[in-house]
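Listed below are the residues making up each chain.
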Protein chains: 2
Amino acid sequence: MDIKKGPQAFSRTEYLRRLAAAKSQMEQRDLDALVITEGANITYLSGYTARSPNDPKGMVVSAQQEEPTFILRKMDVPAALHQTFLERDKVVEYPEALMGDPGTNGYDALIDFLVDVGLANRGLGLELGSLSMRSAQKFMARLPQARIVDCTDVITWIRMVKSDPEISFMKEAAAISDAGVMRAAEVIRPGMREADAIAEILATLARGANGKPGTWTATPFLCSSPRTGTSHITWSEDVFHGDSQVNLEIAGVRHGYTAPISRTFSIGRASERLRRVHDAQLAGLEAALDTIRAGCTCSDVARAVHRTLEARGIKKESRCGYPVGIDWMERTASLKEGDMTVLKPNMTFHLHLGNWMIDEDFGYVISETFRVTESGVEVLTSAPRKIFELT
Amino acid sequence: MDIKKGPQAFSRTEYLRRLAAAKSQMEQRDLDALVITEGANITYLSGYTARSPNDPKGMVVSAQQEEPTFILRKMDVPAALHQTFLERDKVVEYPEALMGDPGTNGYDALIDFLVDVGLANRGLGLELGSLSMRSAQKFMARLPQARIVDCTDVITWIRMVKSDPEISFMKEAAAISDAGVMRAAEVIRPGMREADAIAEILATLARGANGKPGTWTATPFLCSSPRTGTSHITWSEDVFHGDSQVNLEIAGVRHGYTAPISRTFSIGRASERLRRVHDAQLAGLEAALDTIRAGCTCSDVARAVHRTLEARGIKKESRCGYPVGIDWMERTASLKEGDMTVLKPNMTFHLHLGNWMIDEDFGYVISETFRVTESGVEVLTSAPRKIFELT
């Protein structure tokens, strides 16, 4: 029997608005079609959130068609029919025999589709920043008459300004992130394995908050003593000690929308050094929040942070944050000096005052997810901005 | 203060053995260096398991040097020093200012390194199958004198045959997978949200089994009625019903090593149709296991499956499995007809008798992770091979 459509995260009108923005970018570049292969951009344009990152799949946005066409392996077609707003004839399968074939693969099926619908000799946008060299060469070799234009991050830039329904999901995700932080504060104690704390945190991220379950659990990062100077370690096999410091970075997720938060925990009283760093980084975070409003630049925000930290004798080398949305980071602007991207209402960022380079074996984290408003900022995450001292 | 080395998952001897295998492949291709950018291959050659998938990073294996050199962003250097077997001078940082820069990025730092050590006009292997078009072009433009050879999956093929210490981790991971299945059987009940079941499963995958915690939680897939015909949906916002079927695919992870398992659950008695499909797919799985031994081919295994299923009137279009190891799937062979890869002792595979294409709204899953032995097979996962009927 045919699979039925599942509940849709967004209305058809919302998807058509996003597609209209994509088509406007295509028109500016004189393109007849845009081939979307980046997973988060496929999610954005269709609602597809199933995960099979290794399989070729792609979406063709045609200037002539209201809906895009989604080409993917046969096994994944029912999920696409169920999850996305797309009409049945806009989901096109390629045979399972192409899986694990070193020569012909799913991109050949996508190229066949482009040929079949008369796009082989037209202006085609490709996401060359994420398409592998081999795959990109396949498009070029098989479509020699096409005028291929690199459209990496064209959709990602559109994604930067959220609609109100997207902001609602970001808020729900942020509430889940807060719940994860509060759960960490409840459970972390000396003698506990890091993995057992992560178990409780992941369970909270899945259960969600306010009756809204997490729809995914993003990678948690837990870097505890003697690893507080490291970033991006997920967790270790260690147990917490009586004087452990724990740097935690987690994110709730709702329908792809991800709202990260970081907080630092201290088992027992925080050291003088940790307090001094916390006070400085918190002041930097607040200086950033005081600066943010529609019309200011990413660079302005970073400068406010650096001025504040330098006055307190602290250097922060890494950028102060980046846009967030579907699947955590959007690869567009950065909150760093020199980035002249102008903030607009409903852009969302992960403002990260983490500092891992204070010393090789000492770092600290604090971060929030915020939304730009006309007159300022709305911080979506809301766990207390303190060192969580666990006794 | 300098960060200390953490406990190492493998001995230095083990890493040098892997590097010797890499250098042997380089010699066959007359290469002076191999540039590794694929995350799982970096893990394999160094022990690095921290996660920052969006940042350029790379490892240079030089024919002239015992240890490779690992080039990554400054923020991630302490984690590399802590987690890997590499000497301090083999971990090279690039400045944080390169993050989020649309022009120059971390690959420029890697190319600078190649130039500095005199490799700019030599034979260089690159992983073009995973390097993006833009990044690959950067290497080619900046190293015009180099003889660049595509070495995609060269390391992945080496990874296919595991050492005994790797098999030990696969077994520990498999025990965690089993625990996840048994936990699912305990908690799934009518009226429960799928997210609440996932919370319990993820917590189990983190806590681990036999005193060995999970060191990561791979993507779980939970496709329940009316979505049993879909694959790769993580979970939904639904609750289970009195007659729900639940297709679950999960994997425990130990130090990157991943041992997937799939089982099907039925709330209440399984339907006749589900039983019939289960019996057939189970027979197919057992026929595969009876066939597997060192010396037979992937194709032989798939043929045994298809012959068994066809005798029972069932068609399976998707391949019957793939090699597994670090980060789940290894992109090398496939258990499918026509794949003449010869099985060797200590190759590990995910044998997947899932079948999602029986009907668009009806599918079934069962799978095991196995190791090839000289005379047969050792199945690493061990949850009962049944439909879990939950009453």
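Student: A description of the relation of the copies chain A and chain B should follow, citing residues and the corresponding values.
Tutor: For the pair chain A and chain B, the best superposition has an RMSD of 0.0 Å and corresponds to a rotation of 180° with a translation of 0.0 Å parallel to the axis. Such a combination of rotation and displacement between the chain copies is what one expects of a two-fold axis. Both copies contact each other with a shared surface, as 100% of the interface residues of chain A are interface residues in chain B too.

Student: I'd like to hear about the sheet that holds strand β5 (residues 123–126) of chain A, residue by residue, with values.
Tutor: Strand pairing in a sheet relies on backbone hydrogen bonds, with the paired strands running either antiparallel or parallel. All names here are of chain A. Strand order in the open sheet formed by six strands is β4-β3-β2-β1-β5-β6, and the pairing between neighbours is mixed. A single partner strand is all that each edge strand has here, and the edge strands are β4 (91–94) and β6 (147–150). Between one strand axis and the next, the sheet turns through 25° on average, direction left out of account. Here three bridges tie strand β1 (residues 33–36) to β5, and the two strands are oriented parallel to one another. Bridge pairing in β5 links L34 to G125. In the packing of helix α2 (residues 39–46) onto the sheet, contacts are made with β1, β2 (58–62) and β3 (69–73), and the angle to β2 comes to roughly 50°.

Student: Help me get a handle on the sheet that holds strand β1 (residues 33–36) of chain B, residues and values and all.
Tutor: Residues and elements named next belong to chain B. Across the sheet, six strands lie side by side as β4-β3-β2-β1-β5-β6; this open sheet has mixed pairing. Every other strand in the sheet has two partners, leaving β4 (91–94) and β6 (147–150) as the edge strands with one partner each. Put simply, the sheet's adjacent strands are angled 25° from each other on average, direction ignored. Across the face of the sheet, helix α1 (residues 12–28) comes into contact with β1, β2 (58–62) and β5 (123–126) while running at roughly 70° to β2.

Student: Account for the pairing of β4 of chain A, with residues named and values stated.
Tutor: All names here are of chain A. The pairing of β3 with β4 spans four bridges and is parallel. Looking at the pairing, I71 lines up with V92 of β4. Crossover connection from β3 via helix α3 (residues 77–83) to parallel β4: handedness right-handed.

Student: Describe in detail the interface of chain A and chain B, supporting the description with residues and values.
Tutor: Counting residues at the interface gives 67 residues for chain A and 67 residues for chain B. Broken down by secondary-structure element, the contributors of at least two residues to the side of chain A that touches chain B are α3, α5 (133–142), α8 (194–207) and β13 (355–359) of chain A. The element contributing the most residues to the side of chain A that touches chain B is α8 of chain A, with nine residues. Taken together, the residues that form the side of chain A that touches chain B break down as 25 nonpolar, 22 polar and 20 charged.

Student: An account of the packing of helix α1 (residues 12–28) of chain A against α2 of chain A is needed here, citing residue identities and associated values.
Tutor: Residues and elements named next belong to chain A. Between α1 and α2, the least distance of the axes is 7 Å, while the angle of their chain directions is 125°. One finds that α1 runs oblique with respect to α2. Contacts between α1 and α2 involve Y15, R18, L19 and A22 from the first element and Y44, L45 and S46 from the second. For the contact of α1 with α2, the residue count by class is five nonpolar, one polar and one charged.

Student: Explain the domain arrangement of chain A to me, using residue names and the numbers behind them.
Tutor: It is common to give the size of an interface as the accessible area lost on bringing the parts into contact. All names here are of chain A. As far as domains go, chain A holds domain 1 (12–158) and domain 2 (164–390). Here domain 1 and domain 2 have C-alpha centroids that lie 34 Å from each other. Every contact between the two is made by nine residues of domain 1 and, on the other side, eight residues of domain 2. Mapped by element, the contributors of at least two residues to the side of domain 1 that touches domain 2 are α2 and α6 (154–159). Among the elements that make up the side of domain 1 that touches domain 2, the one with the highest residue count is α2 (four residues). Grouping the amino acids of the side of domain 1 that touches domain 2 by side-chain chemistry returns three nonpolar, four polar and two charged.

Student: Explain the nonpolar core residue by residue, including any values.
Tutor: Core analysis: the largest hydrophobic core is formed by 240 residues, its most contacted members being L202 of chain A together with L202 of chain B. Every residue in contact with L202 of chain B, bar those within four places of it in the chain, is listed here: L202, A203, A206 and T217 of chain A together with T217 and P220 of chain B.

Student: Please provide a residue-by-residue account of α1 of chain B, values included.
Tutor: Think of an α-helix as 3.6 residues a turn; residues three or four steps apart then line up on the same face. All names here are of chain B. Between its terminal C-alpha atoms α1 stretches 24 Å, which fits the 24 Å expected from 17 residues at 1.5 Å a residue. All of the buried residues along α1 are Y15, R18, L19, A22 and M26. Buried residues in α1, looked at end-on, bunch into an arc of 95°, giving them a common side. Away from the buried face of α1 by more than 90 degrees, exposed residues T13, A20, S24, E27 and Q28 are located. Its buried side turned inward, α1 meets β1, α2 (39–46), β2, β5 and α6 (154–159). Positive phi appears at D30, one or two residues downstream of α1, with a value of about 55°.

Student: Which residues make up helix α4 (residues 106–116) of chain A, and what are the values?
Tutor: All names here are of chain A. What α4 keeps buried is the set G106, Y107, A109, L110, I111 and L114. Along its buried surface, α4 packs onto β2, β3, β4 and α5. G118 occupies a position one or two residues after α4 and carries a positive phi of about 80°.

Student: Can you lay out unusual backbone geometry for me, pointing to particular residues and giving the numbers?
Tutor: All names here are of chain A. With omega at 5°, the peptide bond leading from S225 into P226 counts as cis. A positive phi angle, close to 50°, is found at H255, a residue other than glycine. Within the secondary structure, H255 is located in the loop between β8 (245–254) and β9 (257–267).

Student: So, the packing of α4 of chain A against α5 of chain A: which residues are in play, and what are the values?
Tutor: All names here are of chain A. One way to put it is that α4 packs onto α5 with a least axis distance of 10 Å and a crossing angle of 30°. Of the two elements, α4 crosses α5, and the hand of that crossing is right-handed. Along its contact with α4, which presents Y107, D108 and I111, the element α5 presents S135, K138, F139 and R142. Taken together, the residues of the contact of α4 with α5 sort by class into three nonpolar, one polar and three charged.

Analysis parameters
- Each chain has its residues counted from 1, running along the sequence as written.
- Written order decides the labels, with chains lettered from A and ligands numbered from 1.
- With the structure being a predicted model, the display of local features is reserved for residues of pLDDT at least 70 and the display and counting of side-chain atom pairs for 80 or more, all residues being used for whole-chain, interface and lining totals.
- All copies are superposed by least squares; the fitting set is the C-alpha atoms of residues with a pLDDT of at least 70 in both.
- Each residue is represented by a C-beta atom placed from its backbone, and any two residues with such atoms within 7 Å are regarded as in contact.
- A pair of strands is treated as paired once DSSP finds two or more bridges between them.
- By the criteria applied, helices consist of DSSP H or I runs no shorter than four residues and strands consist of E runs no shorter than two, each listed in order from the N terminus.
- As a rule, the C-alpha atoms of each element are fitted with a line to give its axis, helices using only the stretch in contact, and angles between N-to-C directions run from 0 to 180 degrees.
- Looking down the strands as they point away from you, a crossover is right-handed if its path from the first strand over the helix to the second goes clockwise.
- Under this grouping Gly is polar, as are all residues other than the nonpolar Ala, Val, Leu, Ile, Met, Phe, Trp, Tyr, Cys and Pro and the charged Asp, Glu, Lys and Arg.
- For classification purposes, an angle smaller than 35 degrees is called roughly parallel, one larger than 145 roughly antiparallel, one from 65 to 115 roughly perpendicular, and anything else oblique.
- Each domain's extent was defined by an automatic or database domain assignment.
- The term nonpolar core refers to a group of buried residues, namely Ala, Val, Leu, Ile, Met, Phe, Trp, Tyr and Cys, whose C-beta atoms join them within 7 Å.
- To assign burial, the other C-beta atoms lying within 10 Å of each residue's own C-beta are counted, with C-beta atoms placed from the backbone; 20 or more indicates buried, 12 or fewer indicates exposed, and intermediate counts indicate partly exposed.
- Expected helix span is given by 1.5 Å per residue-to-residue step, counting one fewer step than there are residues.
- Within this analysis, the arc is defined by the directions that extend from the helix axis to the C-beta atoms.
- Take the far helix as your reference; a near helix turned counterclockwise from it by less than a right angle gives a left-handed crossing, and one turned clockwise gives a right-handed crossing.

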